[in-house]
Amino acid sequence: IVGRRRSAATRAGAVVDSATPTQTILIVDDDPPGRNAIAAQVAAFGFAVIEAGSGREALRIVARERVDAVLLDVVMPDIYGIDVLMQIKADPRTESLPVLVMTGLSDRDMRLSVLAAGAEDLLAKPVDALELRARLRNVLRPRAAALAATPNPRASQPIVFERPVRRSLGTH
């Protein structure tokens, strides 16, 4: 099921509450069995997971959801993975989003192109679980620190009421 969320607590595929403070990984792969296997691994690591079966769907999700990293397949039927990567990196709202590209291709030029387009890392398919865990931790650690260090602009603002508070002075 595409667009499904998972977490370690919901490996069976139940929907995760959007208020869960867990880091969220978007997995983009047009091959359902491969995507499901990676999603199960990532959920077992304790991350929330959102799955997308196409590049277009991935771009829609990235535009509307809070995602902490993307695992992106290169070869997809609708939009080639490198094009999805370039669109993510070209948008100021998502340019700092870590993208790890997964590929079964061994073409050196393609791998160099993916890195030049802004991918934080490459993973060979089939993806090794321990390598995936280490690479996710490596790209998420600096992002989590940067987000924690960024002050909340609303925290220092005074509370403003939309309607003035009026007192009724009754005469008795």
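**What about helix 4 (residues 108-116)?**
Here comes step 1: Sitting at the head of helix 4, Asp-107 places a side-chain oxygen 3.2 Å from the backbone nitrogen of Asp-109.
Here comes step 2: Phi for Gly-118, located one or two positions after helix 4, is positive at around 115°.

**Digging into the pairing of strand 6 (residues 121-124)**
Here comes step 1: Pairing geometry for strand 5 (residues 99-103) and strand 6, over four bridges, is parallel. Bridging across to strand 6, Val-101 finds its partner in Leu-122.
Here comes step 2: With helix 4 bridging strand 5 and its parallel neighbour strand 6, the resulting β-α-β unit is right-handed.

**Quick word on the packing of helix 2 (residues 55-64) against helix 3 (residues 81-90)**
Here comes step 1: In contact at an axis separation of 10 Å, helix 2 and helix 3 are set at 20° when each is read in the N-to-C sense. Judged on the interaxial angle alone, helix 3 and helix 2 are roughly parallel. The way helix 2 lies across helix 3 gives a crossing that is right-handed. Residue-level contacts link Gly-55, Leu-59 and Val-62 of helix 2 to Val-84, Gln-87 and Ile-88 of helix 3.

**Re a nonpolar patch on the surface**
Here comes step 1: Nonpolar side chains collect at one region of the surface, where Val-75, Tyr-80 and Leu-105 lie side by side and expose about 230 Å² of accessible area between them.
Here comes step 2: Secondary-structure assignment places Leu-105 in the loop between strand 5 and helix 4.
Here comes step 3: A relative accessible area of 35% places Leu-105 in the partly exposed class.

**Section: helix 2**
Here comes step 1: Within the sequence span of helix 2, burial applies to Gly-55, Glu-57, Ala-58, Leu-59, Ile-61 and Val-62.
Here comes step 2: Looking at the buried positions of helix 2, the neighbouring elements they touch are strand 2 (24-28), strand 3 (48-52), strand 4 (69-73) and helix 3.
Here comes step 3: Between the side-chain oxygen at the start of helix 2 and the backbone nitrogen of Glu-57 there is a gap of 3.1 Å, and the oxygen is on Ser-54.

**Quick notes on the nonpolar core**
Here comes step 1: Counting residues in hydrophobic clusters, the biggest one holds 26 residues, and the most contacted among them are Leu-26, Val-28, Val-70, Leu-72, Leu-85, Val-101 and Val-114.
Here comes step 2: Within the residue set of this core, elements represented by two or more residues are strand 2, strand 3, helix 2, strand 4, helix 3, strand 5 and helix 4.
Here comes step 3: In terms of nonpolar packing, the next biggest core, distinct from the first, is built from 18 residues, Ala-69, Leu-100, Leu-136 and Val-139 among them.

**What to know about the environment of Met-76**
Here comes step 1: Inspection of the secondary structure puts Met-76 in the loop between strand 4 and helix 3.
Here comes step 2: Between the C-alpha atom of Met-76 and that of Asp-30, which follows or precedes it by 46 residues, the distance is 5.9 Å.
Here comes step 3: Excluding residues within four positions of it along the chain, Met-76 makes contact with Val-28, Asp-29, Asp-30, Ser-54, Gly-55, Gly-81 and Val-84.

**Looking at the pattern of salt bridges**
Here comes step 1: Under the definition given, this model contains ten salt bridges.
Here comes step 2: Across the pair Lys-125 and Asp-29 runs a salt bridge whose closest N-O atoms are separated by 2.8 Å. Of this pair, Lys-125 sits in the loop between strand 6 and helix 5 (129-149) while Asp-29 sits in the loop between strand 2 and helix 1 (32-44); the two residues are 96 residues apart in sequence, bridging distant segments of the chain.
Here comes step 3: A residue is classified by how much of its surface remains accessible, and Asp-29, at 0% relative accessible area, is buried.
Here comes step 4: When the shortest N-O distance is used, the salt bridge between Asp-73 and Lys-125 registers 3.3 Å. Of the two residues, Asp-73 is situated in strand 4 and Lys-125 in the loop between strand 6 and helix 5; the sequence distance between them amounts to 52 residues.
Here comes step 5: With relative accessibility at 6%, the residue Asp-73 sits in the buried group.
Here comes step 6: Among the charged side chains, a network of salt bridges with common partners joins Asp-29, Asp-73 and Lys-125.

About the cut-offs
Residues numbered from 1 in each chain as written. Predicted model: local features only at pLDDT ≥ 70, side-chain atom pairs only at ≥ 80, totals over all residues. Heavy atoms only, no water. Polar contact = N/O pair within 3.5 Å; in protein donor to acceptor, adjacent residues only side chain to side chain. Helix = DSSP H or I, 4+ residues; strand = E, 2+ residues; numbered from the N terminus. Pairing = 2+ DSSP bridges. Right-handed = clockwise from strand over helix to strand, strands pointing away. Axes fitted to C-alpha atoms, helices over the stretch in contact; angles between N-to-C directions. Parallel < 35°, antiparallel > 145°, perpendicular 65-115°, else oblique. Left-handed = near helix turned anticlockwise from the far one by under 90°. Contact = heavy atoms within 4.5 Å. Patch = residues over 30% accessible without salt bridge, like charges linked within 9 Å, V, L, I, M, F, W, Y side chains within 5 Å. Areas by Shrake-Rupley, 256 points an atom, 1.4 Å probe, with all protein chains shown as cover. Salt bridge = Lys/Arg side-chain N within 4 Å of Asp/Glu carboxyl O. Buried < 20%, exposed > 50% of the residue type's maximum accessible area, 1.4 Å probe, protein only. Core = buried A, V, L, I, M, F, W, Y, C linked by side-chain atoms within 4.5 Å.

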